[in-house]
Amino acid sequence: MNKIKQFFFSTTEDSPMADLGLLILRVGAGLSLAFGHGLGKIPATEGFIEGVGKMGFAMPALFAWAAALSEFLGGIFIALGFATKPSSVLITITMLVAAFIRHAEDPFGRKEKAILFALIAIYLLLKGAGKYSLDELIYNRMM
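A short tour of the structure in this document, coming up. (Residues numbered from 1 in each chain as written. Predicted model: local features only at pLDDT ≥ 70, side-chain atom pairs only at ≥ 80, totals over all residues. Heavy atoms only, no water.)

## Some words on a nonpolar patch on the surface
Inference 1: On the surface, Leu80, Phe82, Leu134, Leu137, Ile138, Tyr139, Met142 and Met143 cluster together to form a nonpolar patch covering roughly 820 Å² of accessible area.
Inference 2: The element that contributes the greatest number of residues to the nonpolar patch is helix 7 (residues 134-142), accounting for five residues.
Inference 3: Looking at the element boundaries, isoleucine 138 is found in helix 7.
Inference 4: Residue classification places isoleucine 138 among the partly exposed positions, given a relative accessible area of 37%. (Patch = residues over 30% accessible without salt bridge, like charges linked within 9 Å, V, L, I, M, F, W, Y side chains within 5 Å. Areas by Shrake-Rupley, 256 points an atom, 1.4 Å probe, with all protein chains shown as cover. Salt bridge = Lys/Arg side-chain N within 4 Å of Asp/Glu carboxyl O. Helix = DSSP H or I, 4+ residues; strand = E, 2+ residues; numbered from the N terminus. Buried < 20%, exposed > 50% of the residue type's maximum accessible area, 1.4 Å probe, protein only.)

Below, the structure is given as structure tokens:
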């Protein structure tokens, strides 16, 4: 009965199930971002660069590449749990620009994915990659 109660009502994050849940969230969100959104923007096309310029960015080619790499490499890094916090910062910025500048006039449904990716990135920025990550492995080897 105790295990059932703990499974359904425990709020502790120091458990193998919490670590597994964080791994699943990281891998799923990271790969979805990388392959569902970032890969298609590499290389940055003239249309994408032009769209970035229309948002008011002074160096649209640079920012288009930054966004594409943030989504693709940042997503891969999140999935691996490597450089999770710096990647999360870049993803958060990219997703907030996508949601509130690129899709500013669009209905909520067009912004929803970018907002969800931003929220996941903010969570990972605050929490870290978790026990099952390259960050954890590197940190433990350095200590």
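## Let's talk about the environment of methionine 55
Inference 1: Examined against the element boundaries, methionine 55 turns out to sit in the loop between helix 3 (46-54) and helix 4 (60-80).
Inference 2: By relative accessible area, which is 24% here, methionine 55 ends up partly exposed.
Inference 3: Each C-alpha atom, one on methionine 55 and one on leucine 31, is 27 Å from the other, the two residues being 24 residues apart in sequence.
Inference 4: Filtering out sequence-adjacent residues up to four positions away, methionine 55 remains in contact with Val97, Ile101 and Arg102. (Contact = heavy atoms within 4.5 Å.)

## Points about the packing of helix 4 against helix 5 (residues 84-102)
Inference 1: Following both chains from N to C, one finds helix 4 and helix 5 inclined at 140°, their axes separated by 9 Å at the closest point. With respect to their mutual orientation, helix 4 and helix 5 come out oblique. Where helix 4 crosses over helix 5, the handedness of that crossing is left-handed. Along its contact with helix 4, which presents Ala67, Ser70, Glu71, Gly74, Gly75, Phe77 and Ile78, the element helix 5 presents Thr84, Ser87, Ser88, Leu90, Ile91, Thr94 and Met95. (Axes fitted to C-alpha atoms, helices over the stretch in contact; angles between N-to-C directions. Parallel < 35°, antiparallel > 145°, perpendicular 65-115°, else oblique. Left-handed = near helix turned anticlockwise from the far one by under 90°.)

Treat this as a map of the structure, not an account of what it does.
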